[in-house]
Amino acid sequence: MKISDADTQFLESLRCQVRGYRFHNWARTFSSQPRFYLAPTTEQEIVRIVRIARSYSMTVKPIGSGHSPSDIACTDSIMLNMDKMNRVLAHDAQACTATVEGGMRLHELHNVLWQRNMALSTLGSISDQSIAGALATATHGTGINYSDLSAMVVELTLVDGHGHVRTCNTETDSDLFAAARCSLGALGVITRVTVQCEPAFWLHAVQEPARLGPVLDNLFEVIGSAEHVRVWWFPHSDNAVVWRANRTQRRQRTNPESFVRDRLYGFHVYQLQLLKARMWPDDIPALSREHFARRFDRRLEWVDQGFRVFNFDCLFPQYVNEWAVPVERAADALRALQAWVDGEEQKRSGVRVHFPVEIRFVQRNDVWLSPAYNQDVCYIGVIMYRPYHRPVPYKRYWSAYEDIMRAHGGRPHWAKAHKMYFHELQQRYPRFLDFARVRRDCDPDNIFVNDYLLRHVLPPGEAQRSDAQIAADQARL
C-alpha cells in the first residue's frame, strides 16, 4: 500500500536528517538505516506517527543516545529521535517528584533536579541516555539499599501501538505500569515520566586497592560498608579496587584525577597498547597488572555533587556483557569466573581478557522485567575494548561468562547483546508471560517489534509470523 501524499508530507516535515541516514549505537557494534528518521516535538505528533505506521504496516523505534551495546534500538522503518521532547512538565517539592518528557537526557535531568534541590538516589556510570531509554532497560547504579532507575518511576505515559495515549501508575492501569517501567521499547513510545527523587545531596567517595579473594570472602561486609559500593576486579590477577560513597555535609573536594596518569596514559597510551595486543594477546595479562600498579594501587578521596560522583568516563568503544545474579551467589560466580580466566591464561591459545570486571549491587524491586525483580542482585559486567573501533575476539569469553552466570541463577542486562531467549527467560522471570500479555494488548500489530524483540520477547511461533509479515511489508514498500 502506497503512503498517501498527506501522510508522506507529515513524515517529511519531521525528518531530522537527509535521506540515507544510518544509525550506529555508541560502540558502533550495531547499526541500521531507517526509512524515516524523525524528530517529533509533541505527544500528538507521536500519536499520528504511530497511526500512520499501523496503517501501512511499518514499525517504529524511539532512540535516545543509542548507548545500548545491542540492537535493541535498531529499525529499518521509522526511527524517532526524541531529543526535542525534553521539557520539564511539573515538579512537587513536598513529594520530591519531577515529571519530564521522555526524551530528556539524564545529564539534563540532573541539572533540572539540582536547581529544584532534588536528585536521583542512584545512577549508572554515564548520563548520556534519555530518561525513557534508561528505564526501558532497567539501567542501574550500585548500592544494596537502592534499586534501579525503573523502580524510581512513580508514573509514566506512553503512546501504544493503537495510537492511544495511556497514563499508568500503581493505581491506574497497574499491570501496564509494572510492565512499562522496564518495557524494552516493546509497549509503546514513552512520552512522560514522573520520577521519585530525594533532596539534593553530595557524596564523599573513597577508592582503595584491595584483593579479590578477601573481598569475596567478606562480601556482605563489603556490600554493607557504605551506602554505595562498587568493586573492580582486574582479571589475570587478584587485584581489585573497592569504591565506596556516602552522603555527606563535607565541602567539595574535587576528584584527584591526573591528566598524565588518567588521560594521557590511562586513555591514549592504553588504547595504543590494546591495539598492539590485538596481534600479541599474550601481552594483556601484563597490561592488567601494569595499569593497576600505575593507576589504581593508591587511595583516592573526593567530594562532589552526587551525580558527578556516580558518573565516570567509560573510555573508548567496547563490547560489553552484564548479568545480575542473586547476591548470595555472587561470590561463587566470581570465583568460578576467576578460575576460568586463570585456566585460560595457562593455555598457549587461551583467552586473554581486558580489565575491569565491574561488580555492583542493586536492591530488589517489583518491576516485572527488572533483573532485580523480587531479589537483591549483584551485577557482574565484563568488557572487551575496541581500540580505535577495531574488533577484538570476545565470543569465547562471552560464552564461558554466560555459562557461569546461568549456572548461578543469572539474568542478563536487557541493554546488552545476550543469548537468553523466550523459554529460558520465561523460567527466570516469574511475570514474563504477564509481560507478553500486556505487550500483545499494547501492540497487537507488532509496530514496535524489531530483531531484538523477535529474538528475546516474542514466542517462537509468533516471531515466525512476524518475520513473514515483515518480509511482506518490505516487498510492498
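Each remark here, short or long, concerns the structure printed above.
Keep in mind that this is a model prediction, so the values were computed, not measured. (Residues numbered from 1 in each chain as written. Predicted model: local features only at pLDDT ≥ 70, side-chain atom pairs only at ≥ 80, totals over all residues. Heavy atoms only, no water.)

(A) Looking closely at the overall build of the protein chain. The helix and strand inventory of the protein chain stands at 16 helices and 20 strands. Taking 2.2 N^0.38 as the reference for a compact globule, 477 residues should give roughly 23 Å; the C-alpha atoms of the protein chain span a radius of gyration of 22 Å, in line with that estimate. By principal-axis analysis of the C-alpha atoms, the protein chain measures approximately 65 × 55 × 40 Å. Of all 477 residues assigned to the protein chain, the portion counted as buried reaches 60%. For the protein chain, long-range pairs separated by at least 24 residues make up 73% of all intrachain contacts whose partners lie at least 6 apart in sequence. About 19400 Å² of surface is accessible on the protein chain, with carbon and sulfur atoms providing 48% of the total. Of the side chains in the protein chain, 57 bear a positive and 53 a negative charge, and the two mean positions are spaced by 5 Å. (Helix = DSSP H or I, 4+ residues; strand = E, 2+ residues; numbered from the N terminus. Rg over C-alpha atoms; globule rule 2.2 N^0.38 Å. Buried < 20%, exposed > 50% of the residue type's maximum accessible area, 1.4 Å probe, protein only. Contact = heavy atoms within 4.5 Å. Areas by Shrake-Rupley, 256 points an atom, 1.4 Å probe, with all protein chains shown as cover. Lys, Arg positive; Asp, Glu negative; His and termini not counted. Charge placed at Lys NZ, Arg CZ, Asp CG, Glu CD.)

(B) Expanded view of the packing of helix α1 (residues 5–13) against helix α2 (residues 43–55). Packing of α1 against α2 leaves a shortest axis separation of 11 Å and a crossing angle of 135°. What the angle tells us is that α1 and α2 run oblique. You can see that α1 and α2 cross each other, and the crossing is left-handed. Across the interface between the two elements, A6, D7, F10 and L11 from α1 touch E45, R48, I49 and I52 from α2. Tallied by class, the residues present in the contact of α1 with α2 amount to five nonpolar, no polar and three charged. (Axes fitted to C-alpha atoms, helices over the stretch in contact; angles between N-to-C directions. Parallel < 35°, antiparallel > 145°, perpendicular 65-115°, else oblique. Left-handed = near helix turned anticlockwise from the far one by under 90°. Nonpolar A, V, L, I, M, F, W, Y, C, P; charged D, E, K, R; others polar.)

(C) Representation of the environment of S237 in the model. Structurally, S237 is set in the loop between β14 (228–233) and β15 (239–248). For S237, a relative accessible area of 12% corresponds to the buried category. Between the C-alpha atoms of S237 and F292, which are 55 residues apart in sequence, the distance is 9.8 Å. Here the side chain of S237 touches F234 through a polar contact of 2.7 Å, landing on its backbone oxygen. (Polar contact = N/O pair within 3.5 Å; in protein donor to acceptor, adjacent residues only side chain to side chain.)

(D) Representation of α2 within the structure. Along its 13 residues, α2 runs 19 Å from first to last C-alpha, staying within 8% of the 18 Å computed at 1.5 Å per residue. The set of residues buried in α2 consists of E43, E45, I46, V47, I49, V50, I52 and A53. (Expected span 1.5 Å × (residues − 1).)

(E) Representation of the packing of helix α8 (residues 259–277) against helix α9 (residues 284–296) within the structure. Contact geometry for α8 and α9: axes closest at 11 Å, N-to-C directions at 175°. Judged by the inter-axis angle, α8 sits roughly antiparallel to α9. Each of R261, D262, Y265, G266, Y270, Q273, L274 and A277 in α8 lies in contact with α9, whose residues at this interface are I284, L287, E290, H291, R294 and R295. The residue inventory of the contact of α8 with α9, partitioned by class, reads six nonpolar, three polar and five charged.

(F) Focus on the pairing of β15. In terms of residue burial, β15 counts as a mostly covered element, since seven of its ten residues are buried. Taken together, the ten bridges between strand β13 (residues 202–211) and β15 define a ladder with antiparallel strand orientation. What sits directly across from H204, in β15, is N246. Where β14 meets β15, six bridges bridge the pair, whose relative direction is antiparallel. Its bridge partner being in β15, W232 is matched across the sheet by V241. (Pairing = 2+ DSSP bridges.)

(G) Spatial organisation of the pattern of salt bridges. This model, assessed by the stated rule, comprises 39 salt bridges. Between D217 and R335 there is a salt bridge, with its nearest N and O atoms 3.0 Å apart. Note that D217 is positioned in helix α6 (residues 212–217) and R335 in helix α11 (residues 330–345), a separation of 118 residues in sequence. Given a relative accessible area of 55%, D217 falls into the exposed group. Taking the shortest distance from any N to any O, the salt bridge between R437 and D434 comes out at 3.5 Å. Separated by three residues within a single helix, R437 and D434 lie in helix α14 (residues 432–442), roughly one turn from each other. Assessed through its relative accessible area of 38%, R437 is described here as partly exposed. Its relative accessible area of 22% is what places D434 among the partly exposed residues. Through salt bridges with shared partners, a single network forms among E208, R244, R250, R253, R299 and E301. (Salt bridge = Lys/Arg side-chain N within 4 Å of Asp/Glu carboxyl O.)

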